[in-house]
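One letter stands for each residue in the lines below.
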Amino acid sequence: MGAEFGSRSGGQGRISQWLRRRPKDTAAEDRAREDLLLAAAGAGLPLAPAAYPSGYRCSCDRVGCPTPARHPVSFAWQTQSTTDRGQIERWARHQPQANFITATGMIHDVLDVPLDAGLEALERLLAAGIEVGPVAESGAGNGQSRALFYTATRGTPEDEDEWWPCELDCHPETMDEHPGLRWHCRGSYVLVPPARLPDDREVRWLRGPEHPLPDPLTLLETLTDECARVAGEPQHDVAAWPLRG
């Protein structure tokens, strides 16, 4: 899928080549992981360390963790998030199993939709010649895989009357009740590829971070249309659920 969409968008580039590699040893895998993280940071995505799978549990050791391997390790993740190459290299080498989150609402937002809706929307957008930025696939499992569309942020426009704060409309344990489009902006985060989830699932790029970030409003109508189609609902009934971590 990544190669298919990469070829449609004018070349796969270094990121797509990394995605197709199959490292033969741990050192090569660590280098490929670090390259992907540095590429994301180089594109302006602020990163911070996150939990990772530990057996059948989350590395945080919280009993009944509601978001295993999907949350930051520090409560200070918003101020800790950085694009500094040296800091990210130190984190990656000191914590070789850690996932990483990227804090939204600073440089970028993320439009988070069911995978089926996201793939259909991606085809429509590319066919229409609309600029689409980075897109990731998050394997949530149980038929709940998601597509993550990275966009420029709407969290800090020049006109503060249009500032869009991010409030937590659904908690991790009630995500299933809000299966449509979720808008991650100021105060939220998502896992950044490459990331490992329980049961050998992963978060990976479909289109890498070398693609420029588009205005979210250029994608929103197509994404909500496809969410409505997949859910079998009238299009005007589909809402975006802004989240924070």
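Residues numbered from 1 in each chain as written. Predicted model: local features only at pLDDT ≥ 70, side-chain atom pairs only at ≥ 80, totals over all residues. Heavy atoms only, no water.

1. A word on the environment of P96
Mapped onto the elements of the fold, P96 is located in the loop between α5 (85-94) and β4 (99-103). Take P96: its relative accessible area is 40%, and that puts it in the partly exposed class. Spatially, the C-alpha atom of P96 lies 9.8 Å from that of T26, the residues being 70 residues apart in sequence. P96 has contacts with D30 and R33, leaving out every residue within four places of it along the chain. (Helix = DSSP H or I, 4+ residues; strand = E, 2+ residues; numbered from the N terminus. Buried < 20%, exposed > 50% of the residue type's maximum accessible area, 1.4 Å probe, protein only. Contact = heavy atoms within 4.5 Å.)

2. Some words on the confidence of the model for the chain
The predicted model of the chain has a mean per-residue pLDDT of 80, with 73% of residues at 70 or higher. Mean pLDDT values for the elements of the chain range from 45 in helix α1 (residues 2-8) up to 97 in strand β1 (residues 47-50). Confidence drops under a pLDDT of 50 for residues 6-12, and excluding neighbours within four residues, the segment shows 10 contacts in the predicted structure. Throughout residues 159-175 the model reports pLDDT below 50, and contacts reaching past four residues in sequence, or to other chains, amount to 36 contacts. (pLDDT = per-residue confidence, 0-100.)

3. Notes on the environment of S188
Considering the arrangement of structural elements, one finds S188 in the loop between β8 (181-184) and β9 (189-192). For S188, a relative accessible area of 1% gives the class buried. Separated by 110 residues in the primary sequence, S188 and Q78 have C-alpha atoms spaced 8.7 Å apart.

4. Quick word on the pairing of β4
With five of five residues buried, β4 lies mostly within the body of the structure. Burial of the side chains of β4 extends over both faces: N99, I101 and A103 are buried on one face and F100 and T102 on the other. Of the pairings in the sheet, the one linking β1 to β4 comprises four bridges and is antiparallel in character. Across the sheet, A48 pairs through a bridge with I101, a residue of β4. (Pairing = 2+ DSSP bridges.)

5. Remarks on the pattern of salt bridges
If you walk through the whole model with that rule in mind, you get nine salt bridges. With a shortest N-O distance of 3.9 Å, R124 and D225 are connected by a salt bridge. Residue R124 is found in helix α6 (residues 115-127), and its partner D225 is found in helix α7 (residues 217-231); the two are separated by 101 residues along the sequence. Ionic pairing is found between E226 and R229, a salt bridge with its closest N-O pair at 2.7 Å. Of the two residues, E226 and R229 are both situated in helix α7; the distance of three residues between them amounts to about one turn of the helix. (Salt bridge = Lys/Arg side-chain N within 4 Å of Asp/Glu carboxyl O.)

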